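Okay, here's what each chain looks like letter by letter:
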Amino acid sequence: MKISTKTLYDNIITNLNRASTDMIKANEVVSTGKKINRASDDPMGLMSVLDIRSSMANIDQLGRNITAGRLWITVGESSLNQVDEFLYQAKAVCIDIKDEEKTGLARENAADAVDEYLKQILSFANAKVGDSYIFAGTKTDTKPFFLDESDPEVKVKYKGNANPFSVKVGIDTDVAVGRNGEEVFGVFGENWDYDNIFKTLIDVKQHIMDNNKDEIEMSIEKIESHLKAVRSVISDATVKITQFDIKEKIIKDLDFAYDNKRSLLEDADINEAVVKLKIKELAYQSALSASASVMDLSIMNYL
Amino acid sequence: MSGSGLLLSIAKDALSAQQYGINVTAQNIANVDTPGYTKQTAVFTAKTPVTYGGIVFGVGVTIDEIIQHRDSYLEGRLRDQKTILSGLEEEEACLSFLEGIFNENSDHSLGAQFIDFWNVWHDLSNNPSGELERTMVYETGSLLADNFQSLDESLLRVERDINLSIGAGVDQINRLTSKLASFNQEILNLEATGSANDLKDQRNMILDELSSYIDIKCYQDDNGNLTVLTNGGYTLVDKNNTFLLYSEDKDVMWEGSGDSKVAITDSIRGGKIGSWLDMRDEIIAKYRKDLGELAKSLIWEVNQIHTQGTGKDAFSEVQGKYKIDKPGEAINPPGEAIYPPNEYDMSSGLYFQDSVSDGNFKLWVYDSNGDVVNLGGTEDELVINIDADSTTADDIVEYINTHSGGTINAEITSEGYFSISASNDDYTFAFSEDTSNILAALGINTFFSGTDAGNIEVNSTLFSNKELIAAGRVDSEGNIAAGDNSNAFAIANLQYEGVSVKSSSYERGKDSAYIDTTTTLENYSHSLVGLVGIHSKSVQGQRESNEIIVNQLTEIRNSVSSVSLDEEMTNLIKYQHAYAAAAKLITTADEMLKTLLAIK
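Residues numbered from 1 in each chain as written. Chains lettered and ligands numbered in written order. Predicted model: local features only at pLDDT ≥ 70, side-chain atom pairs only at ≥ 80, totals over all residues.

Enquirer: It is not clear to me how the overall build of chain A should be interpreted in this structure. Could you clarify?
Expert: Assigned secondary structure in chain A consists of 7 helices and 6 strands. Helices and strands appear in chain A in the N-to-C order α-α-α-β-β-β-β-β-β-α-α-α-α. Here the C-alpha atoms of chain A give a radius of gyration of 38 Å, more than 25% beyond the 19 Å that 2.2 N^0.38 yields for 303 residues. Summarising its shape, the C-alpha atoms of chain A cover approximately 140 × 35 × 25 Å along the three principal directions. (Helix = DSSP H or I, 4+ residues; strand = E, 2+ residues; numbered from the N terminus. Rg over C-alpha atoms; globule rule 2.2 N^0.38 Å.)

Enquirer: I'm lost on the overall build of chain B in this one. Help?
Expert: Broken down by element type, chain B carries 12 helices and 21 strands. Dimensions of chain B along its principal axes, counting C-alpha atoms only, are 155 × 50 × 35 Å. Counting every position in chain B, which comprises 600 residues, the buried fraction comes to 42%. Counting only contacts in chain B whose residues sit at least 6 apart along the sequence, the fraction spanning at least 24 positions is 70%. (Buried ≥ 20, exposed ≤ 12 C-beta atoms within 10 Å, placed from the backbone. Contact = placed C-beta atoms within 7 Å.)

Enquirer: Where do I start with the domain arrangement of chain B in this structure?
Expert: Accessible area lost when the parts come together is the quantity often used to give the size of an interface. Residues and elements named next belong to chain B. Each assigned domain of chain B is listed here: domain 1 (4-69 + 563-598), domain 2 (75-87 + 160-278) and domain 3 (103-150 + 289-535). Just the C-alpha atoms count here: the centres of domain 1 and domain 2 sit 42 Å apart. Considering only residue class, the side of domain 1 that touches domain 2 consists of 3 nonpolar, 4 polar and 1 charged. (Domains from an automatic or database assignment. Nonpolar A, V, L, I, M, F, W, Y, C, P; charged D, E, K, R; others polar.)

Enquirer: Would you explain the pairing of strand 13 (residues 359-366) of chain B in this entry?
Expert: The side chains of a regular strand alternate between both faces of the sheet. Residue and element names in this part refer to chain B. Summarising the sheet, strand 13 and strand 14 (residues 382-386) pair through 5 bridges and their orientation is antiparallel. Each residue of the ladder has a partner; that of Lys362, found in strand 14, is Val383. In this structure, strand 13 lies alongside strand 17 (residues 428-432), joined through 5 bridges in antiparallel fashion. Across the sheet, residue Tyr366 finds its bridge partner in strand 17, namely Thr428. (Pairing = 2+ DSSP bridges.)

Enquirer: Honestly, the pairing of strand 16 (residues 418-422) of chain B in this entry has me stumped. Any pointers?
Expert: Residue and element names in this part refer to chain B. Side-chain alternation along strand 16 places Phe418, Ile420 and Ala422 on a buried face and Ser419 and Ser421 on a face that remains uncovered. Two elements, strand 12 (residues 317-319) and strand 16, share 3 bridges in a ladder whose sense is antiparallel. Bridge pairing in strand 16 places Glu317 opposite Ser421. Note that strand 15 (residues 408-412) and strand 16 share 5 bridges and pair antiparallel.

Enquirer: How should the sheet that holds strand 15 of chain B be read in this particular structure?
Expert: What holds strands together in a sheet is hydrogen bonding between their backbones, with the strands either parallel or antiparallel. Residue and element names in this part refer to chain B. Across the sheet, 3 strands lie side by side as 12-16-15; this open sheet has antiparallel pairing. Sheet topology places strand 12 and strand 15 at the edges, where each strand pairs with a single neighbour. Strand after strand, the sheet turns through a mean of 10 degrees between neighbouring axes, direction not considered. The strands touched by helix 7 (residues 393-403) within the sheet are strand 15 and strand 16, with strand 15 carrying the most contacts at an inclination of about 165 degrees. (Axes fitted to C-alpha atoms, helices over the stretch in contact; angles between N-to-C directions.)

Enquirer: Help me understand the environment of His69 of chain B, please; the structure alone is not making it clear to me.
Expert: Residue and element names in this part refer to chain B. Structurally, His69 is set in the loop between strand 4 (61-68) and helix 2 (72-101). Separated by 245 residues in sequence, His69 and Ala314 place their C-alpha atoms 88 Å apart. If sequence neighbours within four positions are ignored, His69 has contacts with Thr38, Lys39, Thr41, Val560 and Ser561.

Enquirer: What should I look at first to understand the packing of helix 6 (residues 271-306) of chain B against helix 11 (residues 521-561) of chain B in this one?
Expert: In a pair of packed helices, the angle between the axes and the distance between the axes together describe the arrangement. All names here are of chain B. In the contact formed by helix 6 and helix 11, the axes pass within 10 Å of each other and the chain directions differ by 170 degrees. The angle between helix 6 and helix 11 falls in the class roughly antiparallel. Side by side, helix 6 and helix 11 meet where Ile283, Tyr287, Asp290, Leu291, Leu294, Ser297 and Leu298 of the first sit next to Leu521, Tyr524, Ser525, Leu528 and His535 of the second. (Parallel < 35°, antiparallel > 145°, perpendicular 65-115°, else oblique.)

Enquirer: Would you mind showing me how to read the interface of chain B and chain A here?
Expert: Contacts between the two partners involve 47 residues from chain B, matched on the other side by 43 residues from chain A. Where the side of chain B that touches chain A is concerned, the elements lending two or more residues are helix 3 (110-126), helix 10 (486-493), helix 11 and helix 12 (565-598) of chain B. Tallying contributions element by element places helix 11 of chain B first for the side of chain B that touches chain A, with 16 residues. For the side of chain B that touches chain A, a count of residues per class yields 16 nonpolar, 23 polar and 8 charged.

Enquirer: Even after reading the chapter, I still don't get the nonpolar core, so can you show me in this structure?
Expert: Considering soluble globular proteins, one finds that nonpolar side chains tend to be buried as a cluster. Counting 132 residues, the largest nonpolar core has Leu180 and Phe429 of chain B as the members making the most contacts within it. With 16 residues, the top contributor of residues to this core is helix 4 (residues 131-191) of chain B. Both domains that meet at this core, namely domain 2 (75-87 + 160-278) and domain 3 (103-150 + 289-535) of chain B, each give it at least three residues. Contacts of Phe429 of chain B, omitting those with residues within four sequence positions, involve Ala314, Phe315, Leu363, Trp364, Val365, Tyr366, Ile408, Ile420 and Ala422 of chain B. Ranked by size, the runner-up nonpolar core spans 47 residues in total, among them Trp72, Val83, Phe135 and Ile197 of chain A. (Core = buried A, V, L, I, M, F, W, Y, C linked by C-beta atoms within 7 Å.)

Structure below.
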């Protein structure tokens, strides 16, 4: 076939364009560090990358939810440890009073001590995380336990509700991190004959003043059952912390696995990309030098 | 005739013929790089010999014609391929622009904002009473809605730009066809006396340019007239007559003789105009529609859950966001509803009316202490029953007004929106357990308002009071708890749930078709982006392979029709030598004559 002058030059231009386009593409991969720089580079890959990105963002969020929940559990747990401590102290005072004959003054002191424990327990029962009360169910903006000793009928009221505050730690998993106050501190009601920590302690105070040993004996049993309830909640909290630890570890592993997969799809193998760029550079250079020598050839040189 | 007289005559013819040859060569060399130029060759013919004294004498050379090295069939094929190529190039440019619009490698992409949107609901669930969390939910929702709107706006702008291009393209076609018609005339005039080679080259160039805009059919008659038709058979150029095109609304119109006008839009399949039409009516139309369907599903799914919940505050007044055209008609009567309804349509005209089903919702009223008010029934709350194919919006208004003990008033506003307000400042109200979807359809207690990507917004009611973002739910006793995050959980769960989203397909000249897909909202947005990439990649591939075909055909065409300098230089030398030799003939004849004259 006859090669016209135009064909010769057109071919040179086409080939140089192709070589330089390839080189620019290779250069883009090296300079961005990514294989997929626009959707058309690898549409299917991009779709997978987007799915992975949203899964990763989601498990990161679940991780943050766990962090939020952990704060509730730990603050709750340490408050309950204090409650446990004060209840134990109150029990010790009762045993002391019951076992030995005390003077009026000593009993008064003992009653004062119980009163102090009551106030402390009350303040821990109203523990907060940020602005939210832990032991108020979902009525987190309402102070759950309110002491009014002047009220002849009901001295402590529970103003929370029965649904514990929970956080979302998995697609189908909500974990209760707050508490229904009644679960921990006993039953509260419209009248004052329900069994709860505050009633027990307020009664104990009176029994100590009255030196009513039988009632004190009964109260010790009640305090023990309260202790049992508090301790079971504490151990539940410990279990939950362990659950959170496991969840967090799983999230970390998942995150790592997802990131690996994302990187495989999206990130360029830099060594490979640089070598590829070098090859394209070389190809471009060869095309340039070959073109230059072809362009030099003409019958004019020999006439 | 014989002797030196004949020799001189042959030499003279030879001189002028070789000179002609040199001139044609010079023309070829001069036009080596002229686009569309076709190589010309002078055709040398030996003159008719004469018989003299029983012997036949050759009497020299003559130039019969100057021919063009043209392969019309090849040029036709090349033109067709170039029509395809110029269309693909436009398509590629447009798709790569779309890729930019749907760029996912940024924090402001749709995918990234979907992620943020779900995450803020998680954050709100971690602290349902937090002001910051509520503001973040509102702001992130707004950003997501803005993103939908700006994507829609960008697609709309591409569509408008394409319309402008089509208008300009049609003008260009008219300019080119007018030129072709006048070339037809000039060529006809010139061919009467000689050959119009260079004019034909120019006419071919115009034809090439025309075919880059629109797919055409053309043929040449014996007189050299070129007739050009559109793909659909409408004449554009006939002899020196031109039939013009113009664009009207979304159509390309052909103006025949007299007043006849025909829309030829659907028969245009190639060239720039063809691919602009493809882009506008198939690709952009699909992406806009799909984006709209995604927005619609997002709006509905989020709203449907949001209406089940309650904010930290109850409402003192609330207005629906979806217009009720006919408050006196059933909300969702049987049969398929038309939106917007015409005057004969017997339905309420609510945009989401099809999603309303039989069921009920509860309405709770609170006094100034936040305690539930008994509205006079056995239960505290008001239960409003919806029978989708008979209950009307007016029925709901009437039921609420007669059963709420004067605490709240419902009405349909003069603009056609459902509205409830407390009768005085003491009362507030909240909704729960809507099994009929009527609240979401009315746009009451919703998170989003709007119907598609172009008008999606966060409900303006939430702008003024972010406490109304429904993180919690009214419990069975009517209580609202600040730390209740059950509704926020439900909305966050939406990210894992497959929902029904329509996916459209458009083909020019046919009705659009839909298929229902069940997918998570995010997945749908990912496949939308992926689809842009797949489209773009496939067009890139087609363009590349078409370019190779065009290059190969061009090479073949050039080997026939284009100038090779080496060849021309060789010819030049050939003609030059022949010229010198012819001159030598004259000298020889001269000497012969001199010799004769010297005889005494």
